[in-house]
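Structure at a glance
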Amino acid sequence: MRESNHQSRVVNALTIDVEDYFQVSALAPQVPRASWHNRQCRVERNIDLILGMLSDANSVATFFALGWIAERYPQMMRHIVAQGHEIASHGYAHHRVSELGRDAFLADIRLAKAVLEDVTSSEVKGYRAPSFSIGSDNQWAFDCIAEADYRYSSSIYPVRHDHYGVPDAPRFAYASRTGLLEIPITTTRILRRNLPAGGGGYFRLMPYAISRWFIRRVNQVDRESAVFYFHPWELDPEQPRVPGLDAKTRFRHYVNLKHTEQRLRRLLADFCWDRVDRVFLTGSKQWS
Ligand SMILES: [Zn+2]
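The structure displayed is predicted, hence computed values, not measured ones. (Residues numbered from 1 in each chain as written. Predicted model: local features only at pLDDT ≥ 70, side-chain atom pairs only at ≥ 80, totals over all residues. Heavy atoms only, no water.)

1. Regarding the pattern of salt bridges
Rules: For this document, the term salt bridge refers to a Lys or Arg side-chain nitrogen within 4 Å of an Asp or Glu carboxyl oxygen. Helix and strand assignments follow DSSP, with helices taken as H or I runs no shorter than four residues and strands as E runs no shorter than two, numbered in order from the N terminus. Classification of residues uses two cut-offs on accessible area relative to the type maximum, computed with a 1.4 Å probe and protein chains only: under 20% is buried, over 50% is exposed, and between them is partly exposed.
Summed over all chains, the structure comprises 15 salt bridges. In this structure, the salt-bridge partner of Arg265 is Asp56, at a minimum N-O distance of 3.2 Å. Here Asp56 lies in helix α1 (residues 43-56) and Arg265 lies in helix α9 (residues 257-270), a separation of 209 residues in the sequence. The partner of Asp277 in a salt bridge is Arg275, with the nearest N and O atoms 2.7 Å apart. Overall, Arg275 belongs to the buried group, its relative accessible area being 14%. Several salt bridges share partner residues, and in doing so they unite Arg42, Arg45 and Asp236 into one network.

2. Some points on unusual backbone geometry
The phi angle at Ser131 is positive, at roughly 55°, despite the residue not being glycine. Note that Ser131 resides in the loop between β4 (126-127) and α5 (140-147). Exposure remark for Ser131: the relative accessible area of 18% places this residue in the buried category. One non-glycine residue, Arg223, adopts positive backbone phi at about 55°. Position of Arg223 relative to the elements: it lies in the loop between α7 (208-220) and β10 (227-230).

3. Things to note about α7
Counted only if it meets this: Expected span, for any helix, means 1.5 Å times one less than how many residues it has. Read the arc as the range of directions from the helix axis to the C-beta atoms.
The end-to-end C-alpha distance of α7, which contains 13 residues, comes to 18 Å, matching closely the 18 Å that a straight helix rising 1.5 Å per residue would cover. Residues Tyr208, Ser211, Arg212, Phe214, Ile215, Val218 and Asn219 constitute the buried set of α7. All buried residues of α7 project into a common sector of 160° when viewed along the axis, lining one side.

4. Some remarks on the coordination of the zinc ion
The cut-off we apply is this: Donor selection uses N, O and S atoms within 2.8 Å of the metal (3.2 Å for Na, K and Ca). Since no water is included, sites may look incomplete.
Looking at the metal site, the zinc ion is ligated by Glu19 (OE), His90 (NE2) and His94 (NE2), spaced 2.1 Å from it. Each donor residue of the zinc ion lies on one chain, and together they are spaced E-x70-H-x3-H. The exposure class of His90 is buried, given its relative accessible area of 2%. Classification of His94 as buried rests on a relative accessible area of 3%.

5. Structural notes on the packing of aromatic side chains
In this description, an aromatic ring pair is defined by two values, namely the gap between the centres and the angle between the planes. For the record, the criterion: Centre distance within 6.5 Å is the pairing criterion for rings of Phe, Tyr and Trp, where only the six-membered ring of Trp is used; planes under 30 degrees apart are then read as stacked, over 60 as edge-to-face, and the remainder as tilted. In this scheme, Lys NZ or Arg CZ marks a charge over a ring once it lies within 6 Å of the ring centre and within 35 degrees of the ring normal.
Under the defined criterion, the tally for this structure stands at 17 aromatic pairs. Taking the centre distance of 5.6 Å and the plane angle of 40° together, the rings of Trp213 and Phe214 count as tilted. Classification of Trp213 by relative accessible area gives partly exposed; the value is 42%. Taking the relative accessible area as the measure of exposure, Phe214 reaches 6% and is therefore buried. Through pairs of rings, three or more aromatic residues link up here, namely Phe203, Tyr208, Phe228, Phe271 and Trp273. One Lys or Arg, Arg128, reaches over the ring of Phe64 and ends 4.2 Å from the middle of that ring.

6. Examining the pairing of β10
Rule in force here: For two strands to be treated as a pair, DSSP must find no fewer than two bridges joining them.
Burial of the side chains of β10 extends over both faces: Val227 and Tyr229 are buried on one face and Phe228 and Phe230 on the other. Pairing analysis gives 4 bridges linking strand β1 (residues 11-18) to β10, with the strands arranged parallel. Bridge assignment links Ile16 to a residue of β10, and that residue is Phe230.

7. With respect to the environment of Arg42
Note the following rule: We call two residues contacting when some pair of their heavy atoms lies within 4.5 Å.
Mapped onto the secondary structure, Arg42 falls in the loop between β1 and α1. Separated by 120 residues in sequence, Arg42 and Asp162 have C-alpha atoms that sit 28 Å apart. Sequence-distant contacts of Arg42, defined by excluding residues within four places in its chain, comprise Asp20, Tyr21, Asp236, Glu238, Gln239 and Pro240.

Here you go:
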């Protein structure tokens, strides 16, 4: 099944956070939730593009979707499942865990799981916190994720960043305090620092060769599977511009959008990719 030009034999986990451009946390001050239903949506077009790319590369992935999106685009969600991909949860309305108390958080992730399972008729095993918003001061979130019957979380990016990140968290899959499996976004360790190797704005900012080198190091030096993520809006240079952003936010959101598709196509060709549940829940790491 795997082509011979794959440069590493480790199977990595590819993930997509299914939200639209106007639901990004960094844009929230300019885009109140109450205005979401009036916005021009781009997610269907972008998911179509992603499904085509994955099909071309003979790869499958895990889609962490918002309940809000699944309610509006049930056909799109069922189409994703029909292509063999895993559906997981990104919460209902993209609230950061840090803005919710324990009860509201539990209600949000239960609602998202119920909506996603109802729409797709398949079990939702995974959860990813919006903006990687589980940190040292809200570890209780892991209790809630287990209580809501999820089997794994992928909510930590062990890097130093002004909006998220737990730089001293374990770099590879570990049992959180409740025993729930946490599968962090991938970093590579160079000069005693964790550097982001698992996607996000960094993937658009850095030359592709650097991203490839980082993931190769994880596969060949650490001998671990990488976990990589991106968003549908990152492949969409034509998305409507949100006015009123400060210079840093504007740069981070719009930089190199026009290069993302080609870079992702190279990433799909250069490494082996599969769903999170197959890579991490099968008892031992998979090797092709
Ligand atoms: Zn998100």
